Amino acid sequence: MTNKTTDIRTTADQVQGPAIRVQGLEKSFKQLHVLRGVDFDVTRGSIFALLGSNGAGKTTAVRILSTLLKADAGTASVNGFDVATRAADVRESTSLTGQFAAVDEILSGRENLVLVAKLRHLRDPDKTADELLERFSLTDAAARKVSTYSGGMRRRLDIAMSLIGNPPVIFLDEPTTGLDPQGRLEVWRAVKDLAANGTTVLLTTQHLDEAEQLADQIAILHEGRIIVNGTLTELKQLLPPAKVEYVEKQPTLEDVFLAVVGKDGKEDDALNDRSAG
């Protein structure tokens, strides 16, 4: 009876506490100190961006949180489970999408999803695949081989595969690596969708605009330490107040790109007619 009471209480704490909690995390590879005492919490249902340059320790932190690597010191919990002592429960609660899409190019998009659903022993793999294809706007390309997909489509399929089994926490390690501008925008929409549906997202990135566009909370990791952590508004307040000056605003390259190709990836006929004339 005592064990059952403890389990119920633990479950309640998991729901109330942060989705991810990291305290004093350290990791070294021989003489190279990669993480030097990292601390942060991630609120449930939010997008948390771990921002830093190459070599800052972002991927190492994600590998520890996903139980692929053991920390030298400190503690970390995911969905209320300690990554060191409850690794199996952490793996049940999470999904990891690496820097490059892990999809089978010989299979179609639908076949990839059905395969993973069967491996996870879901009752209705076909229904799960169809629902995810619709959610990620891939229904029209469902029967095509993944080798014919664009970079953005492959990444969206990769993220969809990560959601099979409904993990409450998903790790996205530099999800837009190697994508063109349109592909990046497609992935951004997919990530925002995840949080809107209640999934907690920990996103690593070295792109400032990506963190600015997506994250509810941003932590800057530099030389193995979190040097600042807060919302975008809070981080901006660290700088002196902006001076008000009149500047003629010119369209950015992103404005031009979206105007030419259209926000949905289709060409803007009106603009093309104007340029042709």
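Calculation notes
For every chain, the first residue of the written sequence is number 1, and numbering continues from 1 onward in sequence order. Given that this is a predicted model, residues contribute local features only at a pLDDT of at least 70 and side-chain atom pairs are listed and counted only at 80 or more, while totals for whole chains, interfaces and linings are drawn from all residues. The side-chain numbers reported here are obtained from all heavy atoms of the structure, hydrogens and water having been left aside. The numbering of helices and of strands both runs from the N terminus, where a helix is a DSSP run of H or I of at least 4 residues and a strand a run of E of at least 2. Whether a residue is buried, partly exposed or exposed follows from its accessible area with a 1.4 Å probe, protein chains only, as a fraction of its type maximum: under 20%, in between, or over 50%, in that order. All accessible-area figures derive from a Shrake-Rupley calculation using a 1.4 Å probe, and residue coverage is judged against the displayed protein chains alone. DSSP calls a pair of strands paired once it identifies at least 2 bridges connecting them. Residue contacts are defined here by distance: any two heavy atoms, one from each residue, within 4.5 Å place the two residues in contact. To get an axis, fit a line to the C-alpha atoms, keeping to the stretch in contact for a helix; angles then go from 0 to 180 degrees between the N-to-C directions. Buried residues of nine kinds, namely Ala, Val, Leu, Ile, Met, Phe, Trp, Tyr and Cys, make up a nonpolar core once their side-chain atoms join them within 4.5 Å. We count a salt bridge whenever a side-chain nitrogen from Lys or Arg sits within 4 Å of a carboxyl oxygen from Asp or Glu. An angle below 35 degrees is read as roughly parallel, one above 145 as roughly antiparallel, one from 65 to 115 as roughly perpendicular, and any other as oblique. Here is the rule for handedness: rotate from the far helix to the near one, and if that takes an anticlockwise turn smaller than a right angle the crossing is left-handed, while a clockwise turn gives right-handed. Residues are sorted three ways: Asp, Glu, Lys and Arg are charged, Ala, Val, Leu, Ile, Met, Phe, Trp, Tyr, Cys and Pro are nonpolar, and all the rest, Gly among them, are polar. As a per-residue quantity, pLDDT reports the predictor's confidence and falls between 0 and 100. Only Phe, Tyr and Trp rings are paired, with Trp represented by its six-membered ring, and only when their centres lie within 6.5 Å; those with planes under 30 degrees apart are stacked, over 60 edge-to-face, the remainder tilted. For a lysine, the NZ atom is tested; for an arginine, the CZ atom; a charge sits over a ring if that atom is within 6 Å of the ring centre and within 35 degrees of the ring normal.

### A few points about the overall build of the protein
Link 1 in the chain: On a plain count of helices and strands, the protein comes out with 11 helices and 10 strands.
Link 2 in the chain: Scored against the burial criterion, the 277 residues of the protein give a buried share of 41%.
Link 3 in the chain: A total of about 16100 Å² of accessible surface is found on the protein, and carbon and sulfur atoms cover 52% of it.

### Remarks on the sheet that holds strand S1 (residues 20-29)
Link 1 in the chain: Strand order in this open sheet of 4 strands is S2-S1-S4-S5, and the pairing throughout is antiparallel. Two strands in the sheet have a free side with no partner beyond their single neighbour: strand S2 (32-42) and strand S5 (81-82).
Link 2 in the chain: Across 8 bridges, the pairing between S1 and S2 is antiparallel. For Leu25, the partnering residue across the bridge sits in S2 and is Val38.
Link 3 in the chain: Contacts from helix H2 (residues 58-65) reach S1, S2 and strand S4 (73-78), with the element oriented near 115° to S1.

### Overview of the nonpolar core
Side chains of a nonpolar character, in soluble globular proteins, are inclined to be buried together.
Link 1 in the chain: Of all hydrophobic cores here, the largest spans 43 residues; its most connected members are Leu113, Phe136, Leu157, Leu172, Leu194 and Val201.
Link 2 in the chain: Residue assignment for this core shows that the elements contributing at least two residues are strand S3 (47-51), helix H4 (109-119), helix H5 (125-135), helix H6 (151-162), strand S7 (169-173), helix H7 (181-196), strand S8 (200-205) and helix H8 (208-214).
Link 3 in the chain: Broken down by element, the residue count for this core peaks at 7 residues, all from H7.
Link 4 in the chain: Core analysis: the next-biggest nonpolar cluster, separate from the first, contains 27 residues, Leu35, Phe40, Ala61 and Val83 among them.

### Notes on the pattern of salt bridges
Link 1 in the chain: The tally for this structure, following the rule as stated, stands at 12 salt bridges.
Link 2 in the chain: Where Glu174 meets Lys58, a salt bridge forms, and the shortest distance between an N and an O atom there is 3.5 Å. You can see Glu174 sitting in the loop between S7 and H7 and its partner Lys58 sitting in helix H2, a full 116 residues away along the chain. Lys58 carries the same exposure label as Glu174, and that label is buried.
Link 3 in the chain: Lys236 serves as the salt-bridge partner of Glu212, at 4.0 Å between the closest nitrogen and oxygen. Of the two residues, Glu212 is situated in helix H8 and Lys236 in helix H9 (residues 232-236); the sequence distance between them amounts to 24 residues.

### Observations regarding the pairing of S1
Link 1 in the chain: Counting the residues between successive antiparallel strands, the hairpin from S1 to S2 contains 2 residues, one of them, Lys30, with a positive phi of roughly 55°.
Link 2 in the chain: Across 5 bridges, S1 lies against S4 in antiparallel orientation. Of the residues in S4, the one forming a bridge with Gln23 is Thr75.

### Focus: the pairing of strand S9 (residues 217-222)
Link 1 in the chain: Two elements, S3 and S9, share 4 bridges in a ladder whose sense is parallel. Bridge pairing links Leu50 to Ala219 in S9.
Link 2 in the chain: As judged from the 5 bridges shared by S9 and strand S10 (residues 225-230), these two strands associate in the antiparallel manner. Of the residues in S10, the one forming a bridge with Ala219 is Asn229.
Link 3 in the chain: Here S9 hands over to S10 after 2 residues, with Glu223 in that stretch at a positive phi of 50°.

### Concerning unusual backbone geometry
Link 1 in the chain: The backbone of His121 shows a phi angle near 60°, a positive value even though the residue is not glycine.
Link 2 in the chain: Inspection of the secondary structure assignment puts His121 in the loop between H4 and H5.

### Quick look at the packing of H4 against H5
Link 1 in the chain: Between H4 and H5, the shortest axis-to-axis distance is 8 Å and the interhelical angle comes to 130°. If you check the angle between H4 and H5, you find them oblique. For the pair H4 and H5, the sense of crossing is right-handed. Along its contact with H4, which presents Arg110, Leu113, Val114, Ala117 and Lys118, the element H5 presents Pro125, Asp126, Ala129, Asp130, Leu132 and Leu133.
Link 2 in the chain: When grouped by side-chain class, the residues that make up the contact of H4 with H5 number 7 nonpolar, no polar and 4 charged.

### Description of the confidence of the model for the protein
Link 1 in the chain: Per-residue pLDDT for the protein averages 84, and the proportion of residues at 70 or more is 86%.
Link 2 in the chain: Overall, residues 1-10 carries pLDDT values under 50, and its contacts beyond four positions in sequence, including any with other chains, amount to 0 contacts.

### A few points about the packing of aromatic side chains
Link 1 in the chain: For the structure on display, the rule yields 1 aromatic pair.
Link 2 in the chain: Taking 4.9 Å as the distance between ring centres and 20° as the angle between the ring planes, the aromatic pair formed by Phe40 and Phe48 counts as stacked.
Link 3 in the chain: Above the face of the Phe29 ring, Lys27 is positioned so that its terminal group lies 5.5 Å from the ring centre.

### Some details on the sheet that holds S9
Link 1 in the chain: If you trace the 6 strands from one edge of the open sheet to the other, you get S6-S7-S8-S3-S9-S10, paired in mixed fashion. In the strand order of this sheet, the two ends are held by strand S6 (94-97) and S10, each with one partner. Adjacent strand axes in the sheet meet at a mean angle of 15° when their direction is disregarded.
Link 2 in the chain: Where H6 meets the sheet, its contacts fall on S6 and S7, and the angle it forms with S6 comes to roughly 160°.

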